[in-house]
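# Residue-level structure breakdown
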Amino acid sequence: MKVREVPSKGTSAITRGVSTGRSHHLLSELEAIYFFLIERRACTVDLREQWPILDFDRTLELCERFGVRHTARGGYPEPFTIDLLITERVDGELRYRAASVKSPEDAHDPFVRQRLAVEHAWCLERGIPWTLVDTTQFDKTMLETLRFMRTWFRHRYVSDSSLEDRFVEQFAAAYSPNLPLGELLAKLSKLLRQPVTVMEDAFRYCAWSNRIQPSLVHPLALNAPVVLRTEAFDV
């Protein structure tokens, strides 16, 4: 399922994946936020959005069990789609889990919940953990903060662990909760003898990879101080 095939209120987007290199069609801002949160995790191997369940015989049976009308087009059943099928490497093994990303309103809609019950049951039968994502904390600030951090990828910044080790050390020493990020990076530019643009992308990369942990619920910009996270954000 692609962005152009789904009615949108301007909240859909096509995003190139950091680890996959593929174009990912994200149908809402909520999906984009969760996609970015999962993409940042070191254990993430692959993300497949709008993943279709083509096991029609079983989804038709589950629809009958849960009293759900199976959607169809041209007389043929349309597949249920899982918002994100995630592949992770855990203890050296590849594992799969499914996530449904809905707004709080949709998550409480009886019709939506019936369809989610079909997804959940199908995944459960195949030993795939399924989660209805809590999106109550997701908002535009979080989305823009994640996009700001992720800009290192669009700028084609190449990770340099030696530089990043020194950057993180100097960032911790020079950090002040009242100092705008741009001014802080200008200081580090002089200390590390690197262009400011390199320092900006080094910061973005270190924030993206959790070596520096900005708050996800506060705006992140060059003209504002960085608010550091005090608690882990569970995804």
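This text follows the structure it describes.
In this text the structure is predicted, and so the values were computed from the model without any measurement.

## Regarding the overall build of the chain
Each helix and strand counted, the chain has eight helices and eight strands in total. Considering the chain as a whole, with its 235 residues, one finds that 42% of them fall into the buried category. Long-range pairs, those at least 24 residues apart, make up 64% of the contacts in the chain between residues at least 6 apart in sequence. Here the chain displays about 13000 Å² of accessible surface, and carbon together with sulfur accounts for 51% of that area. Of the side chains in the chain, 31 bear a positive and 32 a negative charge, and the two mean positions are spaced by 4 Å.

## Focus on the pattern of salt bridges
Applying the stated criterion across every chain, the model contains 15 salt bridges. We note a salt bridge from arginine 58 to glutamate 61, for which the minimum N-O separation is 2.7 Å. Of this pair, arginine 58 and glutamate 61 both sit in helix H2 (residues 56-66), three residues apart, which is roughly one turn of that helix. Where arginine 58 meets glutamate 125, a salt bridge forms, and the shortest distance between an N and an O atom there is 2.5 Å. Here the residue arginine 58 occupies a position in helix H2, and glutamate 125 occupies one in helix H4 (residues 110-125), the gap between them amounting to 67 residues.

## A closer look at the nonpolar core
In terms of nonpolar packing, the biggest core is built from 44 residues, with Tyr34, Phe138, Leu146, Phe167 and Phe203 touching the most fellow members. When residues of this core are traced back to their parent elements, those giving at least two are helix H1 (29-39), strand E6 (80-90), helix H5 (140-154), helix H6 (161-174), helix H7 (181-192) and helix H8 (196-208). Counting residues per element, this core draws most heavily on H1, at eight residues. Leaving out residues up to four positions away in the same chain, phenylalanine 203 has contacts with Phe148, Phe167, Phe171, Leu181, Leu185, Ile212, Pro214, Leu220 and Val226. By size, the runner-up hydrophobic cluster in this structure holds 16 residues, among which are Ile53, Ile82, Leu85 and Ala121.

## Some details on the environment of alanine 121
Turning to its location among the elements, alanine 121 is positioned in helix H4. Setting aside residues up to four positions removed in sequence, alanine 121 forms contacts with Leu62, Arg65 and Phe66.

What counts and how
Residues numbered from 1 in each chain as written. Predicted model: local features only at pLDDT ≥ 70, side-chain atom pairs only at ≥ 80, totals over all residues. Heavy atoms only, no water. Helix = DSSP H or I, 4+ residues; strand = E, 2+ residues; numbered from the N terminus. Buried < 20%, exposed > 50% of the residue type's maximum accessible area, 1.4 Å probe, protein only. Contact = heavy atoms within 4.5 Å. Areas by Shrake-Rupley, 256 points an atom, 1.4 Å probe, with all protein chains shown as cover. Lys, Arg positive; Asp, Glu negative; His and termini not counted. Charge placed at Lys NZ, Arg CZ, Asp CG, Glu CD. Salt bridge = Lys/Arg side-chain N within 4 Å of Asp/Glu carboxyl O. Core = buried A, V, L, I, M, F, W, Y, C linked by side-chain atoms within 4.5 Å.

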